[in-house]
Amino acid sequence: MPAAAYKGKECVCQFNRGICDQTCVKDMLDTPFYIACLKLKGRRCVVIGGGEMGLEKTEGLLACGGEVTVISPEAGPELEAMAAEGSIGWEARDYAGPQDLEGVFIVIACTDSTETNIRIYEDAEKRAMLANIVDVPPLCNFILPAIVRTGPLAIAISTAGSSPALAKRMKREISELFGEEYAELAVMLNDARGWAKGTLPTYQDRKAFFESIVNGEPDPIELLRAGDRQAVLDIIAAAQRTHAPA
């Protein structure tokens with residue numbers, strides 16, 4: 001995988017500094033990133049590089065329903081097994097050029113060749129597609145945050161690439177704070193959305209309905225932590241009676 005860009009190491013980005021002086025990352029902390037959740041189901045995704053990082057990125061894309069092809073002369077046993085069972089495509093070769101990105105929604109590269117990484121990024125930029133060269137911020141038009149995922153809930157944590165270790169600590173603490181009861185409540189509230197959309201005439205009416213449940217007493221999260229799911233259903237039913245138009 002490529003080396004991270006930091007001062008004193010050999011340059012790994014398109015600025016070709018020889019020895020990294022961090023020119024490429026000086027504005028990272030001042031860059032406002034547009035946070036979005038991508039729908040990958042059924043979309044073509046390419047991972048270039050078949051090592052441990054390639055496996056990690058492949059698993060992340062598959063978890064979100066992406067149709068993944070790995071391009072790498074060699075792949076670890078886990079990737080080989082995924083290819084053998086048909087979960088991913090694997091093309092056992094080096095990156096060939098722009099044709100490898102045709103019809104592709106997102107590309108993530110983790111090769112050990114700076115020249116190849118730069119080519120991949122530049123080819124992707126010409127197609128206005130999403131590209132991430134792992135650990136080389138100037139060769140990325142998006143960054144991947146740490147994710148806490150529980151059921152339908154996903155919480156993203158980003159330090160703008162400044163400290164993955166801090167992001168990992170925050171992920172652990174957030175996982176402990178927002179447990180399965182939050183995901184369970186999200187599912188229950190989703191079940192009530194149809195009623196709210198069909199019954200309550202305005203956005204403000206629907207907002208008041210849901211906030212009365214989430215922020216009311218007794219606390220639905222505490223009830224779910226105590227295992228009292230029926231009590232939460234009763235709260236939702238009571239809110240429906242209260243907020244239904246006369």
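Refer to the structure above for everything that follows.
For clarity, every value in this text was computed on a predicted model and none was experimentally measured.

The helix and strand inventory of the chain stands at 8 helices and 7 strands. In the chain, the proportion of contacts linking residues at least 24 apart, taken out of those at least 6 apart, comes to 50%. Looking at the chain as shown, the accessible area adds up to about 14,400 Å², and 51% of this sits on carbon and sulfur atoms.

On to the pairing of strand 7 (residues 153-157), then. Where strand 6 (residues 146-150) meets strand 7, 5 bridges bridge the pair, whose relative direction is antiparallel. Paired with arginine 149 across the bridge in strand 7 is alanine 154. Where strand 6 folds back on strand 7, the antiparallel hairpin that results is connected by 2 residues, among which glycine 151 adopts a positive phi of roughly 55°.

This part takes up the pattern of salt bridges. A side chain of one charge can pair with a side chain of the opposite charge when the charged atoms of the two come close. The full count for this structure, using the stated rule, is 8 salt bridges. Among the ionic pairs, glutamate 91 bridges to arginine 93, the shortest N-O distance being 2.4 Å. A relative accessible area of 34% places glutamate 91 in the partly exposed class. The class for arginine 93 is partly exposed, based on a relative accessible area of 28%. A salt bridge links arginine 93 to aspartate 100; its shortest N-O distance comes to 2.6 Å. Using a relative accessible area of 9% as the deciding quantity, one classes aspartate 100 as buried. Each of Glu91, Arg93 and Asp100 takes part in salt bridges that share partners, so that together they form one network.

Residues glutamate 217 and proline 218 are joined by a peptide bond in cis, for which omega reads 0°. Tracing the chain through its elements places proline 218 in the loop between helix 6 (203-214) and helix 7 (220-225).

Looking now at the environment of glutamate 52. Secondary-structure assignment places glutamate 52 in helix 1 (residues 52-63). On a C-alpha basis, the gap between glutamate 52 and leucine 79 in space is 9.4 Å, while along the polypeptide they are 27 residues apart.

Before going further, it helps to spend a moment on the packing of aromatic side chains. Each pair of aromatic rings is reported with the distance of its centres and the angle of its planes. Counted under the stated rule, the structure contains 3 aromatic pairs. For the pair tryptophan 195 and phenylalanine 209, a centre-to-centre distance of 5.0 Å together with 45° between the ring planes defines the contact as tilted. Placement of tryptophan 195 in helix 5 (residues 180-199) and of phenylalanine 209 in helix 6 is noted, with a sequence separation of 14 residues between them. With relative accessibility at 24%, the residue tryptophan 195 sits in the partly exposed group. Judged by centre distance (4.8 Å) and plane angle (65°), the rings of phenylalanine 209 and phenylalanine 210 are edge-to-face.

Calculation criteria
- Residues numbered from 1 in each chain as written.
- Predicted model: local features only at pLDDT ≥ 70, side-chain atom pairs only at ≥ 80, totals over all residues.
- Heavy atoms only, no water.
- Helix = DSSP H or I, 4+ residues; strand = E, 2+ residues; numbered from the N terminus.
- Contact = heavy atoms within 4.5 Å.
- Areas by Shrake-Rupley, 256 points an atom, 1.4 Å probe, with all protein chains shown as cover.
- Pairing = 2+ DSSP bridges.
- Salt bridge = Lys/Arg side-chain N within 4 Å of Asp/Glu carboxyl O.
- Buried < 20%, exposed > 50% of the residue type's maximum accessible area, 1.4 Å probe, protein only.
- Phe/Tyr/Trp six-rings, centres within 6.5 Å; stacked < 30°, edge-to-face > 60°.

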